[in-house]
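# Remarks on the overall topology
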Amino acid sequence: MINFLIIGGGIAGLSAGARLSEHGSVTVLEAEDALGYHASGRSAALFEEGYGPPSVVALNKASAEFFFTNDYLTPRGLMLVAKSDQADQFRKDLSELGMAEISVADALERVPVLNPETVAYAALSEGAYDIDTDRVLQDFARTIRANAGSVLTRQKVTRIRKDGHWLVEAAEVFQARTIVNAAGAWADEVARMAGIAPIGITPRRRSMARLPTPGGHDVKNWPMMLGAGETWYAKPDAGKLLVSPSEADPVEPHDAYADDMVLAKGLARYEEMVTSPVTRVETNWAGLRSFAPDGTLVLGPDPSDESFVWSAGQGGYGFQTAPAASRLVADLALGRAPELDAAMVSALAVSRLR
Ligand SMILES: Cc1cc2nc3c(=O)[nH]c(=O)nc-3n(C[C@H](O)[C@H](O)[C@H](O)COP(=O)(O)OP(=O)(O)OC[C@H]3O[C@@H](n4cnc5c(N)ncnc54)[C@H](O)[C@@H]3O)c2cc1C
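What comes next concerns the included structure.

Counting its secondary structure elements, the chain contains 9 helices and 20 strands. Radius of gyration (C-alpha) of the chain: 21 Å, near the 20 Å computed for a compact globule of 354 residues. Seen through its C-alpha atoms, the chain measures out along the principal axes to roughly 70 × 40 × 35 Å. In the chain, the share of contacts with a sequence separation of at least 24, taken over all contacts with a separation of at least 6, comes to 73%. Carbon and sulfur atoms form 49% of the exposed surface of the chain, whose accessible area is close to 14,700 Å². Between the mean site of the 33 positive side-chain charges and the mean site of the 45 negative ones, the chain shows a separation of 3 Å.

Structure representation (structure tokens):
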């Protein structure tokens, strides 16, 4: 009998599995051919401690040490830019993200393609980092295997029953004492299969385009750029520039793809702020950011059945929160006192939604 059966081979499932594998047998079931195929393989890979609602910021802060100690972060920086008619939004974003205002001339020195005719305000945070997301995923999977656990792909869970213990049908049938629901956009679907009430997860599509280097510049040391009100962002990636329209359109769980019209409008918002026109999109994709109704993560046992543990609603913060979120999931699943502050544990608990 497996102690902890984890459904979902993204960052939520693998991080929780790695923590739990030190305390009992763990098996991770992933429906797709590869780990991190959905949201976890499509993120912008940014760590910004101040980004997100208070309970997310608490998880970010509690995750920082793990990322730094294991050398997963590379300094990136975050620059906020706004037009002259966006002054109020600029001030709001600046205070929420704890950024420092800089002159447009300083902004241009960091990012020479910014358009001084449209960029009226700029702010900078040096506390934003690129996360080596592939290595984080693979290292968590390696920890599970090193602790004699299994990480299995092509195991789509289609039926869940309970008869004293859980019986979970995928390509094979698994028996487990505890289920961890880390199914991302499909978390409510998995709950329903298990006879557990859903929590109202909404997957929201976010598209991304990869552009050739603008104006032939070396973008390696540019900060990530964010349009005021999160209306677009641009981030250097392997010598190219990723640009996202930053949409959050609600959709059904599916293998997401970019919406051409949304992408075109987002690229136009980016293009307005730079002097280098978008002449070609090399490739594009989209991923689903899945949110609970109050926009923060859902971590811990379900009040109706303690042997069904949630790790869902990671939204746009699943990587930066993973070290602390997985520790909390493991603490609660093992019945240990959490390290995180009690108010934050309640703000992340399933019971707040019931
Ligand atoms: C464009 C974009 C940019 C982002 N940028 C950032 C960022 O900069 N920083 C950050 O921290 N986060 C970012 N995120 C958010 C982050 O990617 C997600 O929060 C995180 O990947 C969610 O992880 P997950 O494991 O919950 O979901 P997923 O990675 O989607 O994993 C869930 C897995 O469950 C599997 N599954 C579902 N149903 C079943 C079933 N029945 N049986 C078996 N397996 C099943 C799925 O196949 C899937 O692989 C971004 C997301 C997007 C889309």
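Glancing now at unusual backbone geometry. Positive phi is not limited to glycine here, since A45 has a value of about 60°. By secondary structure assignment, the location of A45 is in the loop between strand 2 (26-29) and strand 3 (46-48). Taking the relative accessible area as the measure of exposure, A45 reaches 13% and is therefore buried. One non-glycine residue with positive phi stands out, namely A238, at about 45°. Relative to the elements of secondary structure, A238 occurs in the loop between strand 15 (233-237) and strand 16 (240-244). Among the residues examined, A238 registers a relative accessible area of 75% and is labelled exposed.

To continue, consider the pattern of salt bridges. Overall, the coordinates contain 26 salt bridges when judged by the stated rule. When the shortest N-O distance is used, the salt bridge between K83 and E272 registers 3.2 Å. With K83 in the loop between strand 5 (78-82) and helix 3 (87-96) and E272 in the loop between helix 7 (260-271) and strand 18 (283-291), this pair connects stretches of sequence that are 189 residues apart. The class of K83 is partly exposed, set by a relative accessible area of 22%. For R210, the salt bridge goes to D237, with nearest N and O atoms at 3.1 Å. Taken as a pair, R210 in strand 13 (residues 202-211) and D237 in strand 15 lie far apart in primary sequence, 27 residues in all. Where salt bridges share partners, they join D132, R135, D139 and R142 into one cluster.

Right, let's get into the nonpolar core. By size, the foremost hydrophobic cluster in this structure holds 44 residues, and its most contacted members are L14, L59, F67 and L299. Those residues in contact with L59, other than ones at most four positions away along the chain, are L297, L299, Q320, T321, A324, A325, L340 and L348. V81, V113, A122 and L124 belong to the second largest nonpolar core, which has 29 residues in total.

This brings us to the environment of N284. Mapped onto the fold, N284 is located in strand 18. N284 sits in the partly exposed class, given a relative accessible area of 36%. Beyond its immediate sequence surroundings of up to four residues, N284 is in contact with M208, A209, A258 and L263.

Another point: the packing of helix 1 (residues 11-20) against helix 8 (residues 322-333). Interhelical geometry of helix 1 versus helix 8 gives an angle of 55° and a closest axis separation of 8 Å. Taken together, the axes of helix 1 and helix 8 lie oblique to each other. Our pair here, helix 1 against helix 8, has a crossing hand that is right-handed. Contacts between helix 1 and helix 8 involve I11, S15, A16, R19 and L20 on the former and, on the latter, A322, P323, S326, R327, V329, A330 and A333. Grouping the constituent residues of the contact of helix 1 with helix 8 by class yields 8 nonpolar, 2 polar and 2 charged.

Each value, and the rule that gives it
Residues numbered from 1 in each chain as written. Predicted model: local features only at pLDDT ≥ 70, side-chain atom pairs only at ≥ 80, totals over all residues. Heavy atoms only, no water. Helix = DSSP H or I, 4+ residues; strand = E, 2+ residues; numbered from the N terminus. Rg over C-alpha atoms; globule rule 2.2 N^0.38 Å. Contact = heavy atoms within 4.5 Å. Areas by Shrake-Rupley, 256 points an atom, 1.4 Å probe, with all protein chains shown as cover. Lys, Arg positive; Asp, Glu negative; His and termini not counted. Charge placed at Lys NZ, Arg CZ, Asp CG, Glu CD. Buried < 20%, exposed > 50% of the residue type's maximum accessible area, 1.4 Å probe, protein only. Salt bridge = Lys/Arg side-chain N within 4 Å of Asp/Glu carboxyl O. Core = buried A, V, L, I, M, F, W, Y, C linked by side-chain atoms within 4.5 Å. Axes fitted to C-alpha atoms, helices over the stretch in contact; angles between N-to-C directions. Parallel < 35°, antiparallel > 145°, perpendicular 65-115°, else oblique. Left-handed = near helix turned anticlockwise from the far one by under 90°. Nonpolar A, V, L, I, M, F, W, Y, C, P; charged D, E, K, R; others polar.

So far we have only geometry, and geometry alone does not tell us how the molecule works.
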